[in-house]
Amino acid sequence: MQKEKCESLEQVRDKIDVIDQHLIELITTRQFYVDQAVRFKRTEHEVQSPERVEQVITKVRKQAAQQGTDPDLIEQIYREMIQHFIRRELKEIRP
């Protein structure tokens, strides 16, 4: 996504609104694939997959640092999102 200098607070807010829309679309798409992944998981350990969680966290922290964003913020957001998806998946596999 291209960054451009804004000339007013209204323009800044408009840009942020567009970004928020894209973020929601991306999270929705991520959830779609998480929902598909649960079909291939049989156990709670497979759903919780601590090794995979840490792989994702390491990857997104590195990407955040490379792009000049606070890795701690990105980790916090991802951990919350991942935990939400894990809870969602656990509801699917538990009888």
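Structure shown above.
It should be emphasised that the depicted structure is a prediction, and the values quoted were computed from it without experimental measurement.

The next point concerns unusual backbone geometry. Positive phi values are uncommon outside glycine, yet S49 reaches one of about 30°. Tracing the chain through its elements places S49 in the loop between α2 (44-48) and α3 (50-67).

Here helix α4 (residues 71-93) is 23 residues long and its end C-alpha atoms lie 32 Å apart, about the 33 Å a rise of 1.5 Å per residue gives. Among the residues of α4, I74, E75, M81, I82, F85, I86, E89 and L90 are the ones counted as buried. The residue sitting at the N-terminus of α4 and contributing the capping side-chain oxygen is D70; that oxygen lies 2.9 Å from the backbone nitrogen of D72.

Moving on to the packing of α3 against α4. Axis separation between α3 and α4 bottoms out at 9 Å; the angle between their running directions is 150°. Judged by the inter-axis angle, α3 sits roughly antiparallel to α4. In this structure, α3 meets α4 at a crossing whose hand is right-handed. Side by side, α3 and α4 meet where V53, E54, V56, I57, V60, R61, A64 and A65 of the first sit next to P71, D72, I74, E75, Y78, R79, I82 and I86 of the second. Per-class residue counts for the contact of α3 with α4 are eleven nonpolar, no polar and five charged.

Scoring rules and cut-offs
- Residues numbered from 1 in each chain as written.
- Predicted model: local features only at pLDDT ≥ 70, side-chain atom pairs only at ≥ 80, totals over all residues.
- Heavy atoms only, no water.
- Helix = DSSP H or I, 4+ residues; strand = E, 2+ residues; numbered from the N terminus.
- Expected span 1.5 Å × (residues − 1).
- Buried < 20%, exposed > 50% of the residue type's maximum accessible area, 1.4 Å probe, protein only.
- Polar contact = N/O pair within 3.5 Å; in protein donor to acceptor, adjacent residues only side chain to side chain.
- Axes fitted to C-alpha atoms, helices over the stretch in contact; angles between N-to-C directions.
- Parallel < 35°, antiparallel > 145°, perpendicular 65-115°, else oblique.
- Left-handed = near helix turned anticlockwise from the far one by under 90°.
- Contact = heavy atoms within 4.5 Å.
- Nonpolar A, V, L, I, M, F, W, Y, C, P; charged D, E, K, R; others polar.

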